[in-house]
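Residues per chain, in single letters:
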Amino acid sequence: MKKIVLSFILCASLFGAAPFTLENLQKLRIIIINNTDFIDKQQEFTINKLAEEKLKLLGIALNQVDSGTLMLKIESIKIENTHAVSIQIAVAEEVNTKRQDKIGTLAFTYFASDLIDTKEPYTDTLESINFLLEGFSELYLEDKD
């Protein structure tokens, strides 16, 4: 009986709504935080262009006044001949809290991450970034409808 209930809860959670919304998101600027030893400035530029292209295809304006921020954060640890790489994508926007005084603050209105273990860190990191941007794109298009 416990297994049936556990299976039901697991299945129900698979079809749950995302905890974020990208509704009415129209402008972003891109920030890359690179804490790795395998991505140089030229490769950072390539990653930035990749993100820009994906956002432009969605119709999101880039680097406008009062834009939210799309953050791509990449961190890695080298362990012998492999890298453990953490890739995070987030949208940070200025919001007002629902507290008594409506405090203006910066909040993540979207967040997704991936953790990979790889012997080809740059190639696999690009693949992970594509994966995360695709998830962002799917939610953006879903919320746009």
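Residues numbered from 1 in each chain as written. Predicted model: local features only at pLDDT ≥ 70, side-chain atom pairs only at ≥ 80, totals over all residues. Heavy atoms only, no water.

Chemist: Please give an account of helix H2 (residues 41–58) that cites residues and values.
Modeler: Along its 18 residues, H2 runs 26 Å from first to last C-alpha, staying within 8% of the 26 Å computed at 1.5 Å per residue. When we look at burial in H2, the residues that qualify are Gln43, Glu44, Ile47, Asn48, Leu50, Ala51, Glu52, Leu55 and Leu58. Looking at the buried positions of H2, the neighbouring elements they touch are strand E1 (27–35), strand E2 (61–62), strand E3 (68–79) and helix H3 (121–144). Near the N-terminus of H2, the side chain that reaches the backbone nitrogen of Gln42, with its oxygen 3.1 Å away, is that of Asp40. (Helix = DSSP H or I, 4+ residues; strand = E, 2+ residues; numbered from the N terminus. Expected span 1.5 Å × (residues − 1). Buried < 20%, exposed > 50% of the residue type's maximum accessible area, 1.4 Å probe, protein only. Contact = heavy atoms within 4.5 Å. Polar contact = N/O pair within 3.5 Å; in protein donor to acceptor, adjacent residues only side chain to side chain.)

Chemist: Kindly report on H3, identifying the contributing residues and their values.
Modeler: Compared with an ideal rise of 1.5 Å per residue, which puts 24 residues at 34 Å, H3 spans 34 Å between its outermost C-alpha atoms and is within 8% of the ideal. Residues of H3 that are buried in the fold lie against E1, H2, E3, strand E4 (82–96) and strand E5 (104–118).

Chemist: I'd like a description of unusual backbone geometry, backed by residues and values.
Modeler: Of note in the backbone geometry, Asn24 takes a positive phi value of approximately 65 degrees without being a glycine. Checked against the element boundaries, Asn24 lands in the loop between helix H1 (2–14) and E1. Here the phi dihedral of Glu80 falls at roughly 55 degrees; this positive angle occurs in a residue that is not glycine. Positionally, Glu80 belongs in the loop between E3 and E4.

None of this, on its own, says anything about what the molecule does.
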